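Single-letter residue listing:
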Amino acid sequence: MKSISNKLASLLLIAGTWVGGVAHAVQDLPGGPAVNQLNLHPPVTKIAEEQHFLHWMMLIICTVIFVAVFSVMFYSIWKHRQSKGAKAANFHESVTVEVVWTIIPFIIVILMALPATKVLVAQKDTTNADLTIKTTGYQWKWGYDYITGEGEGLAFISTLDSSHRVMSDSGNVKEAPANYLLKVDNPMVVPVNKKIRIITTANDVIHAFMVPAFGIKQDAIPGFVRDTWFRAEKIGDYYGQCAELCGKEHAYMPIHVKVVSAEDYTAWVADQKKKAAAKLDDPTKVWTLEDIVKRGEKVYAANCAACHQANGKGAGPIKPLDGAAVVLDADHAKQIQIVLKGAANGAMPAWGQLSDTDIAAVVSYTKNNWSNKTGQLVQPSEVVAQRGK
Ligand SMILES: [Cu+2]
């Protein structure tokens, strides 16, 4: 008994210092969560505002009913208690009472349902959008494809900033910034005051696209498309997360939406188009070992290090790449196939969405890093050849 209470005390102490330590560092994140936040996120769309109104209206109606009903009940019980000689009144089959207690709740329900239905219908009205963006959930990142409207054709992947991931793994979050685990490499960028239609789908398991400040939350289901929309009325950065438990890295697929002015949006689109053109790698290009390994290092850090570790040693079921037979093999086909198609039923994800050059680069990198000094170079053309197999 003693030892249990001791253990409990030390646990509480640890919890106390942990909470205390974190409380110093964490700050409110505008457009994201706030410290000790109790209310919904401050709304930046009409729909989110109406959701707030509905939330509070219904909470107040329910509270008033609760207080009224229980006051009458407790008062009656106390006032007409038996010890005072109270005699129970008998109103069996009182038509008046039955009509009243049917009609009043009915009116209350209608009063709540009418505005709620109005908002629900508005939420579902995705017609006449200025911009349509397809968001695809992947384990564990988001893909954004600008389908129609200004910026049509842009497509990129948005992943958690790797330094935040390192921070999370180490457990050392004392210095964590306000956007801890919400910082991504490529945020979704949209213009202010424009109707943005979001089409959601997924590549592997069910995810959900949620941005509380916009009042949107939509499941992203493999093989299906769903949609939702928002019209952000304030320039700024807004944050959300995948809202469907989608595997062990579920907590590491944040959403960052940057709402910018029309001019800034146009400039961003032009800039992205230029970058995309520059990045459009020629898969027939012949690389030197040094250049491709340098490129592969970045691909590895962004996509592979979370599992295989920066030191290539892996962990548990995640096989090491340092010293692995497949990696050292002079026949490149098997390794390229594993990277393209995944292995162990998706425990090693498929990376087919990476470009031929990126795959060639990361394979070359693993073949020439750590103790793997094979000197082997994999060209993008080899990846092209393996894709069809
Ligand atoms: Cu997810």
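For every chain, the first residue of the written sequence is number 1, and numbering continues from 1 onward in sequence order. Where totals are concerned, whole chains, interfaces and linings use all residues; where local detail is concerned, this predicted model gives features only for residues with pLDDT of at least 70, and gives and counts side-chain atom pairs only at 80 or more. Note that the side-chain values use all heavy atoms of the structure and ignore hydrogens as well as water.

Where an unreviewed UniProt entry is consulted, the protein chain appears under the name Cytochrome c oxidase subunit 2, with the organism given as Acidovorax soli. Listed in UniProt under the heading Catalytic activity (unreviewed entry), the comment for the protein chain reads: "4 Fe(II)-[cytochrome c] + O2 + 8 H(+)(in) = 4 Fe(III)-[cytochrome c] + 2 H2O + 4 H(+)(out)". UniProt positions are given in the numbering used here, feature names are shortened, and annotations may be inferred rather than shown by experiment.

Under the local residue numbering, the UniProt record ascribes the feature "domain: Cytochrome oxidase subunit II transmembrane region profile" (unreviewed entry) to residues 32-127. A run of H or I in DSSP becomes a helix once it reaches four residues, and a run of E becomes a strand once it reaches two; helices and strands are each numbered from the N terminus. End-to-end, the C-alpha atoms of residues 32-127 are 28 Å apart, and along that stretch the chain is 67% helix and 0% strand.

A few words on the coordination of the copper ion. As a rule, N, O and S atoms within 2.8 Å of a metal are its donors, except that Na, K and Ca use 3.2 Å; water is not among the atoms, so sites may look incomplete. Taken together, the protein donors to the copper ion comprise H207 (ND1), C242 (SG), C246 (SG) and M253 (SD), at separations of 2.0 to 2.5 Å. Geometry assignment treats four donors as tetrahedral when all angles are between 85 and 135 degrees, treats four as square planar and six as octahedral when opposite donors are over 155 degrees apart and all others between 65 and 115, and treats everything else as irregular. Taken together, the four donor atoms coordinating the copper ion and their angles of 95 to 124° define a geometry best described as tetrahedral. In the primary sequence, the donor residues of the copper ion line up as H-x34-C-x3-C-x6-M. Taken together, the positions of C242 in strand β9 (residues 236-242) and M253 in the loop between β9 and β10 (254-260) put the pair 11 residues apart, joining distant regions of the chain. Note on accessibility: C242 and M253 belong to one class, buried. Type-normalised accessible area, obtained with a 1.4 Å probe on protein chains alone, sets the label of each residue: buried when under 20%, exposed when over 50%, and partly exposed for intermediate values.

All right, on to the domain arrangement of the protein chain then. Note that the domain bounds reflect an automated or database-derived domain assignment. Under the domain assignment, the protein chain is made up of domain 1 (131-279) and domain 2 (289-387). Taking only C-alpha atoms into account, the centre of domain 1 sits 27 Å from that of domain 2.

Look at the UniProt record and you will see "domain: Cytochrome oxidase subunit II copper A binding" (unreviewed entry) annotated at residues 128-271. With 13% helix and 42% strand, residues 128-271 has end C-alpha atoms that lie 26 Å from one another.

One open sheet accounts for five strands, arranged β3-β2-β1-β5-β8; its pairing is mixed. The two strands at the open ends of the sheet, each matched to only one other strand, are β3 (155-158) and β8 (226-230). Strand after strand, the sheet turns through a mean of 25° between neighbouring axes, direction not considered. Here strand β2 (residues 141-148) pairs with β3 via four bridges, running antiparallel. Across the sheet, the residue bridging to G143 is I157, located in β3. Each pair of strands is called paired provided DSSP finds at least two bridges between the two strands. Each axis is a line fitted through C-alpha atoms, and for a helix only the stretch in contact is used; angles between axes span 0 to 180 degrees, taken between their N-to-C directions.

Another point: the environment of I61. Mapped onto the fold, I61 is located in helix α2 (residues 46-79). Residue classification places I61 among the partly exposed positions, given a relative accessible area of 25%. Note: C-alpha distance between I61 and M112 (51 residues apart in sequence) is 8.9 Å. Every residue in contact with I61, bar those within four places of it in the chain, is listed here: I108 and M112. Every residue pair with non-hydrogen atoms within 4.5 Å of one another is taken to be in contact.

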